[in-house]
Every structure is written in C-alpha cells, then in structure tokens.
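Overview (structure and organization)
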Amino acid sequence: MNDVQRPATHEEFELQASQLGVMTTRTRTTTTSNSDAGDGLQANRSDADVLQNSERESGRPSPSSSPVPVPPEAATRSYQIKLVLAGSLMIFHIIGINQVYGIFQEFYTSSRTNISDAQGQDALVSLVGSIGTGLTWSGCIFVSPLLDKTKNLNWSWSWDWRRRRRTERTASGSARRTQSSRNITIDNVKLITLVGALIMSMGLVFASFATKLWHLYLTQALLYGLGSSMYYYPLMTLAPTYFDRHRGFAMGLILAGSGVGGLVMALVLQNLLDRYGIGWALRILGVWNFVVGVGVAAVVRGQRQSSGESVNGSGNGGGGSSMPNKSLMRRGTFWYQSFAAFLQAGGNVVPLYYMSSYAVSVLLLPQSTSSLFVSINSGVNSVSRILMGILADHIGRQNTLVAGTFLSSLSVFALWYSPTTSSSSSGGGGSDVNRFIAFVVMYGIYAGGYNALLPTTIMEVYGVENYKSVNSVMYFIRGLGSIFGAPVAGVILGSHKRGGGVEFLRKKYNDVVVYDGVLLMAAAVCVVYVRWLDARDKGRWRWKA
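Residues numbered from 1 in each chain as written. Predicted model: local features only at pLDDT ≥ 70, side-chain atom pairs only at ≥ 80, totals over all residues. Heavy atoms only, no water.

Selection criterion: UniProt positions are given in the numbering used here, feature names are shortened, and annotations may be inferred rather than shown by experiment.
Under an unreviewed UniProt entry, the chain has the name MFS general substrate transporter and belongs to Dendrothele bispora. Under the heading Subcellular location (unreviewed entry), UniProt records this for the chain: "Membrane". Taken verbatim from the UniProt record of the chain, the Sequence similarities (unreviewed entry) comment is "Belongs to the major facilitator superfamily. Monocarboxylate porter (TC 2.A.1.13) family."

What follows is the structure, encoded as structure tokens:
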C-alpha cells in the first residue's frame, strides 16, 4: 500500500519539539568542544537555526517569522583568503588604471593625440582623470545608501504547471505537496559590484571612440568614475570588519594590489599604445576589467543579518546609517581627519598625473622611459603598503600614518624640486634624472601608507560601530580632494608644447612641486592633530596608537 502522509497532530508536534530540544543541546555541546579546532562558526549556531532546518525538511513553516541571526560565512579563514585575493584583483584594476592616467594624459596632450582639442591642455585633460578618480572615492556617498536600500532584495515568481501537478496528485490520493512559487534573495553586494564593473568597463570602451574632449568627460570621467565607485566601495567597506588582530596586514595586502596594478598597467598600457593605438588599448582594458569583475562579484557577499541589524557589516561593523551622527560630527577628530583626507588626496594625485609629462617635457626622456617611472613608483608603492600594514600592527596605525604623511611631503620638497641653476640646461642631466628616480622610489614608499591605513585608523579612532558611516564620508571627501588636486596643478603649469622651453617648464613644474608639497605637509599637520585629539578624548596618551 502507498503510505499517505497526514498532518502532524498537536501531541506529535510537541514530541518532535522536545526531541529537537535534545538535538539543539547536543549540538551546542558538540560545537563548543570543537570551536578551538574549527573556524568558530559552528559554535555560534543557535536553536533557531536547527529549528528552521528541521521545519524546512519536514515541510512545515517556521513558527517565528523574525529573521534568524546567522553567522556570516565570510568569517572563515578560507573566505578571508578569498576576500583578500578578490580585493587585490579589484584594486589591481581600479587603482591601477587610476594611477596610470598620467600616461593617458601624456598621450592626449601630445602631438600624437586623437582628441583634437586636447593638445597641450594639461589642466583640462587632467580634469578627466581627476573626475574619474574622484568619483571612485566620492561616489561612495551614494553607493552606501544604495547598499542599505537594496539589502533585502527578493525575487518571487509562480509556475502554473506546478499548481496543476499539485491538483492532479491530490485528486489521485497522493498527499505529497509541492510549492507553487519560488523566492530568490538577491545578494545586493554581488549585484552592485557586478553592475559597477560593467559600467566602469563601458566607460573605458566608449572612451575608445572619443574624438572630442567632452566625449572623454562623459565616458572616461563620469561613466568610468560612477562604475568604479560601485565596484570598489562594497568590498572595501566589508573587508576590514572580517579581521581584527591582523587588520592592518590584511588591508595592506588588499591595497597592495594598487601598486602591482600600477606597475603592470603602466607597462601594458604603454605597450598597447605603441602597438595598437589608443582605441584598442581602451577596449582591451575594458574587457579585461569586466572579466575580473565577474570573478570578484562571485566572491564578495553581504553578511546575513539578524532582526534589527543592518546588512553588509553595518549591524556590527559600522552602524546602520550611511551618515555619522551629529555628536560624532561635532568632534574635532572628525573635522581634522576630513581636512587631512581632502588635502592628502589632492596632493597624492599630482605626482601620479605629472610624473610622466615631467620626464618627457623637462628631462627630455622618451615616452617608454616615462611610463617606466610610473611602473617603478607603483611597484614600490605595492610593497610599501604591505610593509606599512605590518609596521602599523607593531608600532600603531596612527603613528605609521603620521610618519608616512610627513615623509611623503619631505620627499616632494627635497627630491622633486629641481633648482633652475642646474647645469643641465638641455634637461637631461644625470643629476636631475638620478634625483627624480630617488623621488619616484621614496614617494612610492611613503605615500603608500596613508591609503592602506586610513580605513583601519578610522575604525580605531571612531569605533567599529561608526566605521561604515565615517568611512563613506571620508572617501567622499577624498574624492573631492582628488578632483581639485591635479586640475589646479594643471592651471599652475599652463598650456605648453612638449620639448620646447625646458627652463621655462622647469620653473613651472617647480611651482607645481611647491603646491603639492604644501598640500601634503598640511595634511600631515592635520593627521598629527587628530592623533593628539584622539588621545585627549580617550583620556590617556598611548605611545602605540
């Protein structure tokens, strides 16, 4: 005979519930004893998890409709490794392409340009890259609330044929029940990351067809910048919350991808420009970026949440609001941290954008050599971010941040500034080149620390609960700084032709150097003051902080 399933009676349900209580007690005992050897996730499973699983297997609905707290799978060691690798690849492309925009600028403003109204217009062309880079940071002010608003995306549909099958089976005497609808929860972090990578790639591909400067503003500036922000921000917001003791080292590894990206992208871009031209160079970069973006989106995921918590790390690591509360915004640490972020971002992009044109215009070196300087700087910067992260875990994150900001400013004044009384009137003197190489290396070492340590410093100064909101504001402010930094330097430099008036250009670039050094030095002063204010607010001074 065919067994016919019948609904469970009240007495049977109570018996199953009592048996389930024994199961959950045994589960807690077993997982607690194995927590030291495992990854620690199973020990956090609650009675509600077991109840939910049992009821799902038996086909009965859960008596409680409230969300169940589920430990994020991302807390495992294996996922931490995947997250670091995915973050490094993402940073490799986003920051790598941002860092080599100086090579694009050198091409667009040179006689080889495909943009008819861009030749010699450093200020206008640098604004394209500044907007793209700036939106990478400042776009987070829009991406952060977007993550909050899309945290519970659900997609449901029903199939009519399932209803017919259920009716037929019921009429034939079978009590087996099939669901007529399906619900799919869409991971908003994956979705936003993937869409961002697509939009960023479209910006690069569409820029390959540009013939006017305003075409670049629409594609390589706006479209690229908005996409890169959606691609960049979700992972960078979540990543620090998955690490504690070695947070500085982990973030250093992730952000080291920028240095490797700049190192590789500079060589690849120059080779593509020489071999295939600007059009195919941009298309290849766009397709390459999207392929990597698909892999990154497959790894990153939002944290599952409990009732009353916000998703994606905000419940536990950053607060549910995308804006800091008013009491926090009135603190001096917040304002001076904001000033430092603005000034450092504005000063940081100037050497990256003008390093290549300086080598060609003042040192009279070929384009291939100028792109090599960008590669050297990026490679050194990559190693520096890792070492700065390790150093920060030992001597303090704020201490390392202060030292890196001050020394990067000193390297600009001491090594990039070129005396106009140089004996190398032709611009290619060995002393000038050697000093510039020293600047490229030393600036790469010291400037890498700020970008790597800012997220961890924010978490240390403002607390885990305020990390997300403060981090989004700081990235927005850094974006504004990036937008204004290079174009102002371009205005100081003025329009000019490559290869002519070396001494005149040397004086102009010296003005740019002074402007850049003042920005970085002012940022260093603000960072020092934040260090002092934080100690005062916490009521004690610690040498390691």
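**Concerning the environment of L218**
Rules: Only DSSP runs of H or I covering at least 4 residues are called helices, and only runs of E covering at least 2 are called strands; the numbering of each starts at the N terminus. We call a residue buried when its accessible area falls under 20% of the maximum for its residue type, exposed when it is over 50%, and partly exposed in between, using a 1.4 Å probe and counting protein chains only.
For L218, the location among the structural elements is in helix α9 (residues 213–238). For L218, a relative accessible area of 47% puts it in the partly exposed group.

**Comments concerning empty space enclosed by the protein**
Stated formally: Within this scheme a cavity is a closed region of a 1 Å grid, computed over the protein atoms alone, that accommodates a 1.4 Å probe without allowing it to escape, whereas a pocket is open but has protein on both sides within 12 Å along at least five of seven lines; lining residues each have an atom within 4 Å of a point. Grid points are joined across faces, edges and corners, and a volume is the space filled by probe spheres set on the points.
Taken as a whole and assessed by the stated rule, the structure comprises 7 cavities of 30 Å³ or more. Here the largest cavity is characterised by a volume of approximately 200 Å³. What lines the largest cavity is a set of 21 residues, and nearest its centre among them are I95, W137, N348, N451 and R478. Mapped onto the lining of the largest cavity, the elements with two or more residues apiece are α3 (77–99), α5 (122–138), α13 (332–361), α16 (430–462) and α17 (467–493). Broken down by element, the residue count for the lining of the largest cavity peaks at 5 residues, all from α13. When its volume is computed, the second largest cavity comes out at roughly 70 Å³. As for the second largest cavity, its lining consists of I97, N98, Y101, F104, V128, G129, G132, T133, Q220, Y224 and Y353. Sorting the residues of the lining of the second largest cavity by element identifies α3, α4 (101–108), α5 and α9 as the ones contributing at least two each. With 4 residues, α5 is the single largest residue contributor to the lining of the second largest cavity.

**Focus on the pattern of salt bridges**
Note the following rule: By definition, a salt bridge exists where a carboxyl oxygen of Asp or Glu is found within 4 Å of a side-chain nitrogen of Lys or Arg.
Counting across every chain of the model gives 8 salt bridges. When the shortest N-O distance is used, the salt bridge between R112 and D274 registers 4.0 Å. Of the two residues, R112 is situated in the loop between α4 and α5 and D274 in helix α10 (residues 247–299); the sequence distance between them amounts to 162 residues. Put simply, R536 and D537 hold a salt bridge, and the shortest N to O gap is 3.6 Å. The class for D537 is partly exposed, based on a relative accessible area of 39%. Linked through salt bridges whose partners overlap, the residues forming this network are D432, R435, E503 and R506.

**Focus on the packing of helix α14 (residues 367–395) against helix α15 (residues 397–416)**
The test is simple: Lines are fitted to the C-alpha atoms to define the axes, a helix being fitted only along its stretch in contact, and any angle between axes, read from their N-to-C directions, falls within 0 to 180 degrees. We call two directions roughly parallel when the angle between them is under 35 degrees, roughly antiparallel when it is over 145, roughly perpendicular when it lies between 65 and 115, and oblique otherwise. The contact definition used throughout considers only heavy atoms, calling two residues in contact when any of these lie within 4.5 Å. Think of it as three bins: nonpolar holds Ala, Val, Leu, Ile, Met, Phe, Trp, Tyr, Cys and Pro, charged holds Asp, Glu, Lys and Arg, and polar takes everything else, Gly as well.
α15 packs onto α14 with a crossing angle of 130° between their chain directions and a minimal axis gap of 7 Å. If you check the angle between α14 and α15, you find them oblique. Where α14 abuts α15, its residues M388, L391, A392, D393 and I395 lie against R397, N399, T400 and G404. Of the residues belonging to the contact of α14 with α15, the class tally is 4 nonpolar, 3 polar and 2 charged.

**Focus on the packing of α5 against α9**
To be explicit about the condition: Two helices crossing with the near one rotated counterclockwise from the far one by less than a right angle form a left-handed crossing, whereas a clockwise rotation gives a right-handed crossing.
At a minimum axis separation of 6 Å, α5 and α9 run at an interaxial angle of 20°. Taken together, the axes of α5 and α9 lie roughly parallel to each other. Helix-helix and strand crossings are classified by hand; for α5 and α9 the assignment is right-handed. Contact residues: α5 offers L124, V125, L127, V128, I131, G132, L135, T136 and W137, while α9 offers L213, L216, Y217, Q220, A221, L222, Y224, G225, L226, S228, S229 and Y232.

**Observations concerning unusual backbone geometry**
Located in the positive-phi region is L364, a residue other than glycine, with phi close to 55°. Structurally, the position occupied by L364 is in the loop between α13 and α14. When its relative accessible area of 39% is taken as the criterion, L364 is described as partly exposed.

**Topic: the side chain of N466**
Our working definition: N or O atoms closer than or at 3.5 Å make up a polar contact, with two conditions inside protein: a donor-capable atom paired with an acceptor-capable one, and, for residues adjacent in sequence, both atoms drawn from side chains.
With respect to the helices and strands, N466 occurs in the loop between α16 and α17. You can call N466 buried: its relative accessible area is 15%. Within the structure, the side chain of N466 is placed 3.0 Å from the backbone oxygen of Y462, a separation counted as a polar contact.

**Regarding the nonpolar core**
Defined as follows: As used here, the term nonpolar core means buried Ala, Val, Leu, Ile, Met, Phe, Trp, Tyr and Cys residues forming a set that is joined through side-chain atoms within 4.5 Å. Residue ranges labeled as domains rest on an automatic or database domain assignment.
Judged by nonpolar contacts, the single largest core of 122 residues is most densely connected at M90, Y108, Y232, L235, M236 and F436. Tallying contributions element by element places α10 first for this core, with 16 residues. Residue contributions to this core reach at least three from each of two domains, namely domain 1 (76–152 + 186–303) and domain 2 (321–544). Filtering out sequence-adjacent residues up to four positions away, M236 remains in contact with M90, I91, M251, I254, L255, Y467 and Y475.

**A look at α9**
Put simply, the rule is: In this scheme, a helix's expected span is set at 1.5 Å multiplied by one less than its residue total. Note that bend, as reported per residue, equals the angle between axes fitted to the 7 residues terminating at that residue and the 7 residues originating from it.
With 26 residues, α9 should reach 38 Å at 1.5 Å per residue; the first-to-last C-alpha distance of 37 Å fits that figure. Along its length, α9 reaches its greatest deviation from straightness, about 30°, at Y224.

**Points about α5**
Since the α-helix advances by 3.6 residues per turn, residues separated by three or four positions end up pointing in the same direction. With 17 residues, α5 extends 23 Å between its outermost C-alpha atoms, agreeing within 8% with the 24 Å of an ideal straight helix rising 1.5 Å per residue. Burial within α5 is extensive, with 15 of its 17 residues counted as buried.

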